Amino acid sequence: MKIHLTSVFVDDQDKALRFYTDVLGFVKKHDVPLGTDRWLTVVSPEDPDGTELLLEPSGHPAVPPYKKALAQDGTPAASFAVDDVRAEFDRLRELGVRFTQEPLEMGAVTTAVLDDTCGNLIQIVHSA
């Protein structure tokens, strides 16, 4: 068994697509209209047939309080692996990304947490 699809709830699918592709560097995999929303997924360019991230609309009534509680607690909605947290932090900060946690080394693991501009905190992580 392996993870095929996971999701983050986003306030605006177009804005999320721009952030996750133009800023974070993912590539669009699926964009299927579903009424006023879309089945919109992105993947890593390093693994185009790998796990897809669904940029899921935040329309369900339970989502806004859930997202707000996570953000207030500083809890990331997702975690993405990178080769070098410090380098990715520097690259993203140059692009104007706001971080809620600068790179933090915890033994063999380094993490940082960013705001995806769509209502989520996202952790980037590297394990040595």
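Read on for a plain summary of the structure. The shown structure was predicted, so the numbers you read here are calculated from the model rather than taken from an experiment. (Residues numbered from 1 in each chain as written. Predicted model: local features only at pLDDT ≥ 70, side-chain atom pairs only at ≥ 80, totals over all residues. Heavy atoms only, no water.)

**A look at the overall build of the protein**
Within the protein, the secondary structure is distributed over 3 helices and 8 strands. Walking the protein from its N terminus toward its C terminus, one meets helices and strands in the order β-α-β-β-β-α-β-α-β-β-β. Computed over the C-alpha atoms, the radius of gyration of the protein is 15 Å, within 12% of the 14 Å expected from 2.2 N^0.38 for a compact globule of 128 residues. Taken along its principal axes, the extent of the C-alpha atoms in the protein is 45 × 35 × 35 Å. Looking at the protein as a whole, 38% of its 128 residues are labelled buried. Here the contacts in the protein between residues at least 6 apart in sequence split such that 51% fall between residues at least 24 apart. As displayed, the protein has an accessible area near 7600 Å², and 53% of this comes from carbon and sulfur atoms. On the protein, the mean spot of the 12 positive side-chain charges and the mean spot of the 21 negative ones are 4 Å from each other. (Helix = DSSP H or I, 4+ residues; strand = E, 2+ residues; numbered from the N terminus. Rg over C-alpha atoms; globule rule 2.2 N^0.38 Å. Buried < 20%, exposed > 50% of the residue type's maximum accessible area, 1.4 Å probe, protein only. Contact = heavy atoms within 4.5 Å. Areas by Shrake-Rupley, 256 points an atom, 1.4 Å probe, with all protein chains shown as cover. Lys, Arg positive; Asp, Glu negative; His and termini not counted. Charge placed at Lys NZ, Arg CZ, Asp CG, Glu CD.)

**What about the packing of aromatic side chains?**
Summed over all chains, the structure comprises 6 aromatic pairs. Taking the centre distance of 6.5 Å and the plane angle of 85° together, the rings of Phe9 and Tyr66 count as edge-to-face. Here Tyr66 lies in helix α2 (residues 63-73) and Phe9 lies in strand β1 (residues 5-10), a separation of 57 residues in the sequence. Classification of Tyr66 by relative accessible area gives partly exposed; the value is 45%. Through successive ring pairs, a cluster of aromatic residues spans Phe19, Tyr20, Phe26 and Phe80. (Phe/Tyr/Trp six-rings, centres within 6.5 Å; stacked < 30°, edge-to-face > 60°.)

**Regarding helix α1 (residues 13-23)**
Three or more residues of α1 are buried, namely Gln13, Ala16, Leu17, Phe19, Tyr20, Thr21 and Val23. N-cap assignment for α1: the residue whose side-chain oxygen lies 2.9 Å from the backbone N of Asp14 is Asp12. Positive phi appears at Gly25, one or two residues downstream of α1, with a value of about 100°. (Polar contact = N/O pair within 3.5 Å; in protein donor to acceptor, adjacent residues only side chain to side chain.)

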